[in-house]
Amino acid sequence: MRKSLMVAACMAALTIAGCSENTGGDDSSADVVNTEYPEQVFWGDTHLHTDNSIDAFGFGNRLDAEAALRFARGEEVTATKGAKAKLSRPLDFLVIADHSDAMGATKAIMEAPRIALLTNDFLLRWHDMMNESDEGSLRVTSELIDGAAKGTLPSSLTDPEQSRERTADLWTKHGKTVDQYNEPGKFTAFMGFEYTPMPDGDNLHRVVMFRDGPKKMGDTLPYGALGSQDPEKLWGYMGAYEKNTGGKVLAIPHNSNVSNGRMFAMNKYDGSPIDAAYVKTRALREPIVEVTQIKGDSEAHPFLSPNDEFAGFGDAGWDKCNLSCTKNMPPESYAGSYVREALKRGLELTLAIGANPFKFGMIGSTDSHTSLATADENNFFGKHSGNEPTNSQRALEPQNLGTREGRFGWHYLSSGYAAVWATSNTREAIFDAMMRREVYATTGPRMQVRFFGSFDFTAEDTADLVKTGYGKGVPMGGDLSGGDGEAPKFLISALMDPESASLDRIQVIKGWIDASGKSQEKIYNVSWSDADTRKLGADGKLTPVPNSVDLAKGTWDNATGAPELVTFWQDPDFNAAQNAFYYVRVLEIPTPTWPVYDALKFSLTLPKEVIKIQQERAYSSPIWYTPSA
Amino acid sequence: MLRKLIREPLIHFLGGALLIFAFFWATGSDRDPADYVISIDETDIDRLTADWKRNFRRAPTQEELDGLIDQEITEEIYYREALRLGLDKNDPVIRRRLFTKMRFIDSEATEDLAPTDAQLQRWMDDHPGKYALSPLYDFEQIYLGQIGNAAANDIIGQLTRGSRPDRFAQPLSLPAALTRASGAEIARQFGDQFAAQLQALEPGTWSGPVSSGFGVHAVRVTARSPGKAAALADVRQRVSNDWHAARQAEQKKKALSRYRSQYEISVAGRP
């Protein structure tokens, strides 16, 4: 009885909700002219939740996909808790990535006629809690996340067969809204969803995004993790989609930092060692990784990179226990959780198997559950509607989600965005740039980063960096091979975000396989501000940039950093026989974190442990070097 | 005397009876015979059967169907008795539920057909600022670095007297000149602050300092074509989306104020 009631309840709720007709865009971007090479960087968020995500709705979010799209393209909207919300600058593209599991279900449970749930104690209790108060709704969400982690959710929520009809209805309506707001050349709205497997609370989540519009997608429905938690099944779904429709789709792993070592594990989901088929499929399906977002930063960890004084960014609060905080994560697990280490493992696997499953380009995105894609420190709308900016205590409140260990509001980062070097602002051009990894991540600021590799560059080539970069080399995400033993050369530039802070430095992070077959890493400071006074030490370390942050005002002094850094760099430690990758990390000068702005607004005293000053950053996609065969 | 009366059990009894009477009188339980009719018709039976089938993948036996019908009747009886007792009042769940239903009904009413061009044009005319095409600028700029206003003014003075710009230009990967650039395009590369200052510059001459997040710039505007209203064809999709969104919001507001106007609302401490 329980199962049918859930379906009945959800259908009943849906019959009340009408569908709006589609007046706008379609699949075609034919009228938009592509530039010869990517001249412009496009900014977006590939990971945004709306009220169709079970947890977002449970947390109180009442903004739908349309509000999310309007906000992303620069309109003012009213956030769930009443604050006016507007981006300082519009985004160029958005992927709404609602959880595929039980999509729209909390909304349906809450809005279902109570009588339809009367004999289902489980759902009825949730229905009443959600309707009674915001606190009740929060408790339901905690129970949901907890239940999903422990596998104790009722089958009416977990069985995809039972929710097929509801999902199909909702998905069709969603597709219409997305198409309506997709304006080729001006603003790109992608179809997508989040696949959310969480075995024992270990995060194996992926955002799945389509190159195609709803028309081409036909009756394709989002794939749920409650069907299978094995990512290989997702890749199977993606393969079938491409075969059946002629379309294209990619997956973006994220929050590897709370995967307990499983996101970049050297074995498959079932524990068996990974093989050539797994490696090839993963390389095909997952070209990019989301390296930074609200729930922490996954680039590096001080345990893995003890010589990297900047490796700890965004790790606090996220490195002790897995997503649901039901398991502690020992440092030995970190190698499978952080992206730099995955890139190194990728080199090892290239040698062992001949293909690289971790050949990732890097992007950032928000994972915001408020329908509001914010990543600016002074305009942060929080992880979920319970910590929107109207909540004065949000920085200090525990975020336990019904679990046992403490994470606090201030552990959330106001991060990040995806930067894409594409030839136009269209679904096709942006998606294709992601497939070739010509993308980079930032923790929110929109600095412009260029990174080219070649064996033929000279120091003078920085004068016309972009043209020479494309003419003689490969951009970020590309491959180098050959070179007759000569060390690869790079052209690198970073232009500050004129609405954010100036720059401290550019670093090149190199990973390689040494003669004994072990992977290594090294960080090179290659360009920095005030180069006449700041010098490299014998250890390669650089004098820190001065800290100009005034915590009492929330300000800093851009004159302490550089507006732009441009350099030519050649690897001084190159060995032509060793596989390697190189990526760029750009650091801003120190600036205040979002809790500082909250403290100023609400006259709070922040405890000592709250991180108040940080150096925001960008991570480029790597360029890989492979010795000629 | 009064105190004694209050302790009197008979008074308690009469008072209680009076209360019960008052309750039924006030809740208007003036028994409508229709309230005591329950008819389970064919559609109800079909619905019960369909629910059963969805669950068990087979039709119910006659016995099972009778059970479902009896359960339906029992539920309906208790539901009506509950209403008679006013149990639906002061229940936060029911209150919230009915609120949600009303909001649904009101938003349903706003779904309507595609707007005509005339409607969209009128919407554009009513919001001229929203769809105005920004002025377009042709300009040259040189970046002077993170220097103070006095030093910048000195350089700009030399430029106006004919010094060559490249003598002062600091390297920065921004275009030295843009043609027919809109405010948004300029802001995208130079920041809002810079874009906002162009309006006030005198065309044809080096002027500034124009400040941006990067530092300061000297700018020579060479041409400025004034902003104008957009043609509907160029912004149709956006206008249509805005029109829909605004219309929905407006109708929601209207529905509320229509109800609200019928109420006399007073709040302690509020004038």
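Residues numbered from 1 in each chain as written. Chains lettered and ligands numbered in written order. Predicted model: local features only at pLDDT ≥ 70, side-chain atom pairs only at ≥ 80, totals over all residues.

Novice: Is there a simple way to explain the overall build of chain A in this structure?
Specialist: Assigned secondary structure in chain A consists of 15 helices and 25 strands. Taking 25 Å as the expected radius of gyration for a compact globule of 629 residues, we find that chain A reaches 24 Å, a close match to that expectation. Scored against the burial criterion, the 629 residues of chain A give a buried share of 57%. Considering only contacts within chain A whose residues lie at least 6 apart along the sequence, 75% involve residues at least 24 apart. (Helix = DSSP H or I, 4+ residues; strand = E, 2+ residues; numbered from the N terminus. Rg over C-alpha atoms; globule rule 2.2 N^0.38 Å. Buried ≥ 20, exposed ≤ 12 C-beta atoms within 10 Å, placed from the backbone. Contact = placed C-beta atoms within 7 Å.)

Novice: How should the overall build of chain B be read in this particular structure?
Specialist: Helices and strands together make up the secondary structure of chain B, namely eleven helices and six strands. Evaluated residue by residue, chain B yields a buried proportion of 15% over its 271 residues. For chain B, the proportion of contacts with a sequence separation of at least 24, taken over those separated by at least 6, is 66%.

Novice: Just to check I follow, could you spell out the sheet that holds strand β11 (residues 361–364) of chain A for this structure?
Specialist: Pairing between sheet strands relies on hydrogen bonds along the backbone, with the strands arranged either parallel or antiparallel. Residues and elements named next belong to chain A. Spatial ordering of the open sheet is given by β10-β9-β11, a layout of three strands whose pairing is mixed. For this open sheet the edge positions go to β10 (296–297) and β11, each flanked by a neighbour on one side alone. Two elements, strand β9 (residues 288–293) and β11, share four bridges in a ladder whose sense is parallel. What sits directly across from Glu290, in β11, is Ile363. (Pairing = 2+ DSSP bridges.)

Novice: I tried to follow the sheet that holds strand β14 (residues 448–454) of chain A on my own but got confused; where do I start?
Specialist: All names here are of chain A. Ordered in space as β15-β14-β17-β20, the four strands form an open sheet in which the pairing is antiparallel. Two strands in the sheet have a free side with no partner beyond their single neighbour: β15 (474–475) and β20 (564–570). The pairing of β14 with strand β17 (residues 489–495) spans seven bridges and is classified as antiparallel. Note on β17: the bridge partner recorded for Gly453 is Phe490. Against the sheet, helix α14 (residues 465–472) contacts β14, β15, β17 and β20, and its axis sits at roughly 40° relative to β14. (Axes fitted to C-alpha atoms, helices over the stretch in contact; angles between N-to-C directions.)

Novice: Just checking my understanding: could you explain the pairing of strand β6 (residues 192–195) of chain A for this structure?
Specialist: Remark: a regular strand shows side chains that alternate across the two faces of the sheet. All names here are of chain A. Across the two faces of β6 the burial is the same, with Gly192 and Glu194 and Phe193 and Tyr195 all buried. Here β6 pairs with strand β7 (residues 206–210) via four bridges, running antiparallel. Across the sheet, residue Glu194 finds its bridge partner in β7, namely Val207.

Novice: Sorry if this is basic, but what is going on with the packing of helix α6 (residues 117–126) of chain B against helix α11 (residues 232–260) of chain B here?
Specialist: Helix-helix packing is characterised by the crossing angle of the two axes and by the distance between the axes. Residues and elements named next belong to chain B. Contact geometry of α6 with α11 gives a least axis separation of 10 Å together with a crossing angle of 85°. Compared by their axis directions, α6 and α11 come out roughly perpendicular. Here α6 contributes Asp117, Leu120, Gln121, Trp123 and Met124 to the contact with α11, which in turn contributes Leu232, Arg236, Val239, Ser240 and Trp243. Class assignment of the residues belonging to the contact of α6 with α11 gives a composition of six nonpolar, two polar and two charged. (Parallel < 35°, antiparallel > 145°, perpendicular 65-115°, else oblique. Nonpolar A, V, L, I, M, F, W, Y, C, P; charged D, E, K, R; others polar.)

Novice: Just to check I follow, could you spell out unusual backbone geometry for this structure?
Specialist: Glycine aside, residues mostly have negative phi, and peptide bonds are mostly found in the trans state. With an omega of -5°, the peptide bond between Ser415(A) and Gly416(A) qualifies as cis. Here Gly416(A) shows up in the loop between β11 and β12 (417–422). Looking along the chain, the bond that leaves Gly208(B) and enters Pro209(B) is cis, with omega of -5°. Structurally, Pro209(B) can be placed in strand β4 (residues 206–212).

Novice: How do you make sense of the packing of helix α10 (residues 231–245) of chain A against helix α11 (residues 276–285) of chain A when you look at a structure like this?
Specialist: All names here are of chain A. As a packed pair, α10 and α11 sit with axes 10 Å apart at the nearest point and diverge in direction by 60°. Relative to α11, the element α10 is oriented oblique. You can see that α10 and α11 cross each other, and the crossing is left-handed. In this structure, α10 uses Glu232, Trp235 and Met238 to contact α11, whose residues at the interface are Tyr278, Thr281, Arg282 and Arg285. When grouped by side-chain class, the residues that make up the contact of α10 with α11 number three nonpolar, one polar and three charged. (Left-handed = near helix turned anticlockwise from the far one by under 90°.)

Novice: Which parts of the structure should I look at to understand the pairing of strand β19 (residues 519–528) of chain A?
Specialist: Residue and element names in this part refer to chain A. In the sheet, strand β18 (residues 503–513) pairs with β19 via nine bridges, with the strands oriented antiparallel. Among the inter-strand pairings, Arg505 is bridged to a residue of β19, identified as Trp528. With antiparallel pairing between neighbouring strands as the criterion, β18 and β19 make up a hairpin whose turn holds five residues, including Gly517 at a positive phi of roughly 90°.

Novice: What is the right way to look at the domain arrangement of chain A in this model?
Specialist: As a measure of interface size, the accessible area lost when the parts come together is often cited. Residue and element names in this part refer to chain A. For chain A, the assigned domains are domain 1 (39–98 + 133–435) and domain 2 (447–626). Measuring from the centre of the C-alpha atoms in domain 1 to the corresponding centre in domain 2 gives 25 Å. Contacts between the two partners involve 30 residues from domain 1, matched on the other side by 33 residues from domain 2. Listing elements by their share of the side of domain 1 that touches domain 2, those giving two or more residues are α12 (339–353) and β11. Element by element, the count of residues in the side of domain 1 that touches domain 2 is highest for α12, at seven residues. (Domains from an automatic or database assignment.)

Novice: What am I meant to see in the nonpolar core here?
Specialist: Nonpolar side chains tend toward joint burial in soluble globular proteins. All names here are of chain A. Counting 151 residues, the largest nonpolar core has Ala68, Leu94, Met362, Val420 and Val439 as its most contacted members. Broken down by element, this core gets its largest block of residues, seven residues, from strand β21 (residues 580–588). Formed jointly, this core draws a minimum of three residues from each of two domains, domain 1 (39–98 + 133–435) and domain 2 (447–626). In this structure Leu94 touches Gly44, Asp45, Leu48, Ala68, Leu69, Ala72, Ala189, Phe190 and Ala373, once residues within four positions along its chain are discounted. Among the nonpolar cores identified, the runner-up in size contains 22 residues, and Ile54, Ala105, Val140 and Ile145 belong to it. (Core = buried A, V, L, I, M, F, W, Y, C linked by C-beta atoms within 7 Å.)

Novice: Whenever I open this one, the environment of Trp421(A) confuses me. Can you help?
Specialist: All names here are of chain A. Relative to the helices and strands, Trp421 is located in strand β12. For Trp421, a count of 27 C-beta atoms within 10 Å corresponds to the buried category. Look past the residues within four positions of Trp421 in its chain and what remains in contact with it is Pro38, Val41, Ala433, Glu438 and Pro475.

Novice: What is the right way to read the environment of Ala82(B) from this model?
Specialist: Residue and element names in this part refer to chain B. Relative to the helices and strands, Ala82 resides in helix α4 (residues 62–84). Given 12 C-beta atoms within a 10 Å radius, Ala82 is considered exposed. Through-space distance from the C-alpha of Ala82 to that of Gly145 is 78 Å; in sequence the pair is 63 residues apart. Not counting the four nearest positions on each side in its chain, Ala82 is found in contact with Leu87 and Asp88.

Novice: Before we go on, may I ask you to explain the confidence of the model for chain A in this structure?
Specialist: The predicted structure's coordinates, where accompanied by low pLDDT, should not be read in detail. Summing up the model confidence of chain A, the mean pLDDT is 90 and the portion of residues at 70 or higher is 92%. Contacts from residues 1–27 of chain A, a stretch scored under 50 in pLDDT, to residues over four places away or in other chains number 75 contacts. (pLDDT = per-residue confidence, 0-100.)

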